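So the chains spell out like this:
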Amino acid sequence: MPKVQYVNTIRTFDKEGFKKRAGCLCFKSEAENEVLLVSSSKVPNKWVVPSGGVEPNEDLQTAALREVAEEAGVKGTLGRFLGTFENNKRKHRTAVFVLIVTEESEEWHEGKCGRIRKWFTVDSASKLLRECKPFQACYIDKAVKTRLGCG
């Protein structure tokens, strides 16, 4: 698979020095029973939640929508804010939103570089993320809790 060429290499940081990131849990419908994951740009046989760096002067919602369009080729209705998830090991904080997908592009920026997207049940996605990106499995846990009104 060809190496992904990133659109922006400028990174922004918060006042504590954490890299600012944003992304979305992309659901197929308001039922929130299928979630879209993308193949990792670094390890293509692993699956991740589409997310990435916040550009200078960009708000978190705009960054999240841009990242899912670039990485997964989808657009939709931005839903609830799940929270900001801190990864001390990688020194970044990721703002995560729910997105109900309304449009899937046949071609998208990182798809041209070999990135794949795929729909998974919430349980399957959670299991995959726990194996590949345990930090991101927290996003699904929070989405399930907030959907059920438990937090």
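Owing to the predicted nature of the structure, the values given are computational and were not obtained by experimental measurement.

Parameters and conventions
- Residues numbered from 1 in each chain as written.
- Predicted model: local features only at pLDDT ≥ 70, side-chain atom pairs only at ≥ 80, totals over all residues.
- Heavy atoms only, no water.
- Helix = DSSP H or I, 4+ residues; strand = E, 2+ residues; numbered from the N terminus.
- Buried < 20%, exposed > 50% of the residue type's maximum accessible area, 1.4 Å probe, protein only.
- Expected span 1.5 Å × (residues − 1).
- Arc of directions from axis to C-beta.
- Salt bridge = Lys/Arg side-chain N within 4 Å of Asp/Glu carboxyl O.
- pLDDT = per-residue confidence, 0-100.
- Contact = heavy atoms within 4.5 Å.
- Polar contact = N/O pair within 3.5 Å; in protein donor to acceptor, adjacent residues only side chain to side chain.
- Core = buried A, V, L, I, M, F, W, Y, C linked by side-chain atoms within 4.5 Å.
- Pairing = 2+ DSSP bridges.
- Patch = residues over 30% accessible without salt bridge, like charges linked within 9 Å, V, L, I, M, F, W, Y side chains within 5 Å.
- Areas by Shrake-Rupley, 256 points an atom, 1.4 Å probe, with all protein chains shown as cover.
- Lys, Arg positive; Asp, Glu negative; His and termini not counted.
- Charge placed at Lys NZ, Arg CZ, Asp CG, Glu CD.

(A) Seen up close, unusual backbone geometry. Here the phi dihedral of Glu32 falls at roughly 55°; this positive angle occurs in a residue that is not glycine. As for its position among the elements, Glu32 is in the loop between strand S1 (19-27) and strand S2 (34-39). With relative accessibility at 12%, the residue Glu32 sits in the buried group.

(B) Representation of helix H3 (residues 134-147). With 14 residues, H3 should reach 20 Å at 1.5 Å per residue; the first-to-last C-alpha distance of 21 Å fits that figure. The set of residues buried in H3 consists of Gln136, Ala137, Tyr139, Ile140 and Ala143. Considered in projection along H3, the buried side chains sweep an arc of 140° and stay on one side of the axis. A positive phi of about 75° marks Gly149, the residue just after H3.

(C) Up close: the pattern of salt bridges. In this structure the tally under the stated criterion is 13 salt bridges. Glu104 is the salt-bridge partner of Arg117, the closest N and O atoms lying 3.6 Å from each other. Taken together, the residues Arg117 in strand S7 (residues 117-121) and Glu104 in strand S6 (residues 92-104) connect sequence positions 13 residues apart. Here the salt bridges do not stand alone but share partners, grouping Glu55, Glu58, Arg66, Glu67 and Glu70 into one network.

(D) A look at the confidence of the model for the chain. Mean pLDDT for the chain: 91, with 93% of residues reaching 70 or above. Low pLDDT (under 50) marks residues 1-6, which in the prediction has 13 contacts with non-local residues, meaning those over four places away or in another chain.

(E) Focus on helix H1 (residues 60-72). Over its 13 residues, H1 runs 18 Å from end to end, which matches the ideal 18 Å to within 8%, given 1.5 Å per residue. Of the positions making up H1, those classed as buried are Ala63, Ala64, Arg66, Glu67, Val68, Glu70, Glu71 and Ala72. Residues of H1 that are buried make contact with S1, S2, strand S4 (51-53), strand S5 (74-87), S6 and S7. Where H1 begins, the capping side chain belongs to Asp59, and its oxygen is found 3.1 Å from the backbone nitrogen of Gln61. Just past H1, the residue Gly73 takes up positive phi, approximately 70°.

(F) The arrangement of the side chain of Arg93 in detail. Here Arg93 is to be found in strand S6. Looking at Arg93, its side chain comes within polar contact range of the side chain of Glu16, at 2.7 Å. There is a polar contact of 2.7 Å between the side chain of Arg93 and the side chain of Glu86. Those residues within four positions of Arg93 in sequence are excluded, and the remaining contacts are Asp14, Glu16, Phe18, Lys19, Lys20, Arg21, Thr84, Phe85 and Glu86.

(G) Spatial organisation of the nonpolar core. In this structure, Leu25, Phe27, Leu37, Leu82 and Ile140 are the most contacted members of the largest nonpolar core, which totals 19 residues. The element best represented in this core is H3, accounting for four residues. When neighbours within four sequence positions are excluded, Leu25 is seen to be in contact with Val35, Val49, Leu82, Val96, Phe97, Val98, Leu99, Tyr139, Ile140 and Ala143. Ala22, Cys24, Phe97 and Trp119 belong to the second-largest nonpolar core, a separate cluster that totals 17 residues.

(H) A look at the pairing of S5. Relative to S6, S5 runs antiparallel, the two being bridged by 11 bridges. Its bridge partner being in S6, Gly83 is matched across the sheet by Val96. Connecting the antiparallel pair S5 and S6 is a turn made up of four residues, with Lys91 showing a positive phi of about 55°.

(I) Broad picture of a positive patch on the surface. The grouping of Arg11, Lys42, Lys89 and Arg90 at the surface amounts to a positive patch. With respect to the secondary-structure elements, Lys42 resides in the loop between S2 and strand S3 (47-48).

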